[in-house]
Amino acid sequence: MANKSAQLPVVGMTCANCAANLERTLNKKVPGVSRAQVNFASESAEVDFDPEQVSYADLAAAAEKIGFTLVVPKESASAELSVVGMTCTNCAANVQRVLKKKVPGVKEAEVSFASESARIEYDPSQASLADMAAAVAKAGFTLVIPSDGEGSLEDEEQKARQAELDANRKALAVGLAFTVPLFIISMSRDFALLGAWSHAAWVNWLFLLLATPVQFYTGWGFYTGGYKALRSGTANMDVLVALGASVAYAYSLVLIVVPGLSGHVYFETSAMIITLIKVGKLLEARAKGQASAAIRTLMDLSPKTAVIVDEMGEREVPASAVLTGQLVLVKPGQSIPVDGVVQEGHSAVDESMLTGESIPVDKSPGDKVFGATVNQEGLIKVQASGVGSDTALARIIRLVRAAQSSRPAVQRLADKVAAVFVPVIIAIALITFALWWTLGGEFVPALIRLVAVLVIACPCALGLATPTAVMVGIGKGASEGILFKNSEVLETAQNLHTVMLDKTGTITQGKPVLTDWTALNGAGDEALALAASAESGSEHPIAQAVVSGAKERGLELTQPESFRAMRGLGLEAKVNGRLVKVGRPEWFAEDGPLSGEIEQQVQALAAQGKTVMLAALDGKPAGLMAVADQEKTGASQAVGELIGMGLKPVMLTGDNRLAARAVADRVGITEVVAGILPENKEEAVRQAQTQGPGVAMVGDGLNDAPALARADVGIAMGGGTEVALEAGDITLVGGELNGVAKAVRLSRATMRTIKQNLFWAFFYNLILVPVAAGALFPLTFLPGFIRELHPAMAAGAMALSSITVVTNSLRLGRSKI
């Protein structure tokens, strides 16, 4: 293999000696490097090397060993690219085959006709985006890639799509300009609405003149698309349209140019076929654009500019130019351009575009904020921690795109049918022609039925039935803060029967709070202030809950003068000269039994699932404190929704059964598995699966990871927009429990839509193809336009079928979940 030359950026050099050191290391210590030249001024290294002996990773490792970072291309890369020019699922299959078999270095490729996109995994050292685009172009399609490394893929895609749209609109305008008068004159002649002049020979030549631009300008895309498909060993919708229109046009042409022949010409039929289908494809494109509106909406949320604050003052820069660590100024009403941490200011931020929750979240210094969320109130300064492709929004967009392009199992049948659809329809058309010509003895009716069969058949409806619904469903979920990892999960979630819920952080807030304070022996709130002051010396979550609770009650705390913790029991401290003791009631009982009244109050609080502590001042009981991890707002309503949907909720917790039962009763869960360790939750899920597949596990995505992986559907709570994309099959970005029911309802609604679409697509072809073939002709009581289906009506029906399927999918996006 020939040597490869690469210009690689270098990070970490501070002087010319650094450059010399790196240059010497690369030249002398890395086998396979024939030449290395490092430029300190440009902070780059030009390296010639043998890729069979050394990899980019080897070069980077050698540089890292001496303290520098050599920025190298990834050994494996992926790209999400738009594909222009596909007209049916066979086109998508063709593009996919070309990428996988014709481009060395492409490891995997998945092409979606519905989203008009290709997800590609490849080795950058063997394949480039330009190589892929060239191979796809040879097959007759356009793979949209950035014009340069700095270019915006979205901008390039927009340009390519607009150019295609403009060309199709122009072609349609020409088609309408010639087809409308052709149709009017032809139909008027057929219904004897014109004089004898309309039957003159020159009128047929006029029809030819009007039909030819439609046939070979408006319809040229069908010819080129069909030719390229056939050249690649496949057949698509373009083949059917081109055949149908050409048969009608060619037959009519023969009648007027061959001496001695006469008969009815069908130029208006060929023109109507092409024009009606062109109209249908434009409407279909518009509908498909609406199906992918969710992802475009997410992309449009990111602000284009940002105001950074540095030693040069305040200045506006492109959002893409913000660097990690820079300070960004965000005024009220503006979208936050980066992920980061608030350094100055207080505000409320609308995070609904990420979480689906409309209530703004208060933000103060130290709080995280996320790109594309809206600062509603105060002026804040944010230190950037995630920019560009590293923001939460960018990760969500990548996840949504990948999920929308994936294929659920239900699509397999449609894919199998679509793969053989066109050859089968051509065979049916030829058989129809042969039967009617043989049995009926008339050539023209047989020919018309052949054309009708060719143009009424629609592989597009089959190809769009599943992916458009998946696109809309997953996009709908993203707008509600529900992220599906792939379409298989979307399909599986419809069949759940059990939902296992981790308690802490899922049903409850995951943060203990002081819920009760009962003063004893007339001590009052002063005793709580002293107890909280003593607890301020501890980092234990319960101690911090007491401190926060005291401060919320407006009490002033002081630093303890001395502090001693008793592991598992409590603590002793001296505060303002008084001896303060706080801990478990059992600890105090070692010095003598507690009074019956205190014991009764302790038992009452413990029965509610709360952690109870006793506070004493100078050896005398002064108050009872209770701490609990409270349920999330709406937890009981969310559980009620699950039960109402026929699902069985089960709570998993490491708490004791008494505390667990108290929480479960408050939220309406009857089945509880208590005292279970995190590592044993997986076994609990496994046991539930013995009753049959359809078990979901809902957890925080951290210690619940094994259980989430074991479940048929793992649902990770995002925890306030911290998106745990790898933890579960579904991520609830806002961390709200009601998202579980929403996810299941969305799954059911999406699969219901897919089944409706597939029914319509199969029903359409199974019913109308025989009608076009003349199956209803013997039924004389039916209207003539049904018994003798005109090819122009067949073309209109074909166009309508795809639009119907896509429109049905769009209803899903407007539904409430």
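Data block above holds the structure.
Summary of the structure given here. (Residues numbered from 1 in each chain as written. Predicted model: local features only at pLDDT ≥ 70, side-chain atom pairs only at ≥ 80, totals over all residues. Heavy atoms only, no water.)

Considering the overall build of the chain
Thinking step 1. Counting its secondary structure elements, the chain contains 28 helices and 30 strands.
Thinking step 2. The globule rule puts the C-alpha radius of gyration for 817 residues at 28 Å, and the 35 Å found for the chain is more than 25% above it.
Thinking step 3. Dimensions along the principal axes, computed over C-alpha positions, put the chain at roughly 125 × 80 × 50 Å.
Thinking step 4. By residue count, 49% of the 817 residues in the chain fall in the buried class.
Thinking step 5. Looking at the chain alone, contacts between residues at least 24 apart form 67% of all its contacts between residues at least 6 apart.
Thinking step 6. Accessible surface computed for the chain: about 36700 Å², of which carbon and sulfur atoms make up 57%. (Helix = DSSP H or I, 4+ residues; strand = E, 2+ residues; numbered from the N terminus. Rg over C-alpha atoms; globule rule 2.2 N^0.38 Å. Buried < 20%, exposed > 50% of the residue type's maximum accessible area, 1.4 Å probe, protein only. Contact = heavy atoms within 4.5 Å. Areas by Shrake-Rupley, 256 points an atom, 1.4 Å probe, with all protein chains shown as cover.)

Describing the sheet that holds strand β21 (residues 562–566)
Thinking step 1. The strand order across the open sheet formed by 6 strands is β20-β25-β24-β23-β22-β21, and the pairing between neighbours is antiparallel. One side of each edge strand has no neighbouring strand; the edge strands of this open sheet are β20 (508–519) and β21. Mean inter-strand twist for the sheet, computed between neighbouring axes without regard to direction, equals 20°.
Thinking step 2. Relative to strand β23 (residues 578–583), strand β22 (residues 570–575) runs antiparallel, the two being bridged by 6 bridges. By the bridge assignment for β23, Ala-573 is matched with Val-580. (Pairing = 2+ DSSP bridges. Axes fitted to C-alpha atoms, helices over the stretch in contact; angles between N-to-C directions.)

Some details on the packing of aromatic side chains
Thinking step 1. Inspection of the entire model under this criterion finds 15 aromatic pairs.
Thinking step 2. Taking the centre distance of 5.4 Å and the plane angle of 90° together, the rings of Phe-216 and Tyr-249 count as edge-to-face. Residue Phe-216 is found in helix α6 (residues 201–218), and its partner Tyr-249 is found in helix α8 (residues 237–257); the two are separated by 33 residues along the sequence.
Thinking step 3. You can call Phe-216 partly exposed: its relative accessible area is 39%.
Thinking step 4. Tyr-249 gets classed as buried once you look at its relative accessible area, which sits at 8%.
Thinking step 5. Among the aromatic residues, those joined into a cluster by ring pairs are Phe-216, Trp-220, Tyr-223, Tyr-249 and Phe-267.
Thinking step 6. The residue whose ring lies beneath Arg-449 is Trp-436, and the NZ or CZ to ring-centre distance is 3.8 Å. (Phe/Tyr/Trp six-rings, centres within 6.5 Å; stacked < 30°, edge-to-face > 60°. Lys NZ or Arg CZ within 6 Å of the ring centre and 35° of its normal.)

A look at the sheet that holds strand β14 (residues 361–363)
Thinking step 1. Here 3 strands make up an open sheet; going across it, the order is β14-β13-β16 and the pairing antiparallel. What marks the edges here is a single partner per strand, and that holds for β14 and β16 (374–375).
Thinking step 2. In this sheet, β16 lies alongside strand β13 (residues 347–350) in antiparallel orientation, the contact comprising 2 bridges. Residue pairing in the sheet places Asp-350 in a bridge with Val-374 of β16.

Comments concerning the pairing of β13
Thinking step 1. Burial along β13 is two-sided: the face carrying Ser-347 and Val-349 and the face carrying Ala-348 and Asp-350 are both buried.
Thinking step 2. When β13 meets β14, the two strands line up antiparallel, connected through 3 bridges. In the strand pairing of β14, Val-349 is matched with Val-361.

Digging into the side chain of Ser-270
Thinking step 1. One can find Ser-270 in helix α9 (residues 267–291).
Thinking step 2. A relative accessible area of 0% means that Ser-270 is categorised as buried.

Quick look at helix α4 (residues 129–138)
Thinking step 1. Residues Met-132, Ala-133, Ala-135 and Val-136 constitute the buried set of α4. One side of α4 holds all its buried residues, which, seen down the axis, span an arc of 165°.
Thinking step 2. On the buried face of α4, the contacting elements are α3 (89–102), β6 (106–112), β7 (117–122) and β8 (142–144).
Thinking step 3. Looking one or two places after α4, you find Gly-140, whose phi comes out positive at around 105°. (Arc of directions from axis to C-beta.)

A short note on the pattern of salt bridges
Thinking step 1. Per the stated rule, a full pass over the model turns up 23 salt bridges.
Thinking step 2. Residue Asp-310 pairs with Arg-315 through a salt bridge whose shortest N-O separation is 2.6 Å.
Thinking step 3. For Arg-315, a relative accessible area of 30% corresponds to the partly exposed category.
Thinking step 4. The partner of Glu-344 in a salt bridge is Lys-381, and the shortest N-O contact between them spans 3.8 Å. Of this pair, Glu-344 sits in strand β12 (residues 339–344) while Lys-381 is found in strand β17 (residues 380–386), placing the two residues 37 residues apart along the sequence. (Salt bridge = Lys/Arg side-chain N within 4 Å of Asp/Glu carboxyl O.)

Examining the nonpolar core
Thinking step 1. Counting residues in each nonpolar core, the largest one holds 153 residues, and the members touching the most others are Leu-99 and Leu-143.
Thinking step 2. By residue number, the principal contributor to this core is helix α26 (residues 738–772), which donates 14 residues.
Thinking step 3. In terms of nonpolar packing, the next biggest core, distinct from the first, is built from 25 residues, Leu-528, Ala-529, Ile-542 and Val-582 among them. (Core = buried A, V, L, I, M, F, W, Y, C linked by side-chain atoms within 4.5 Å.)

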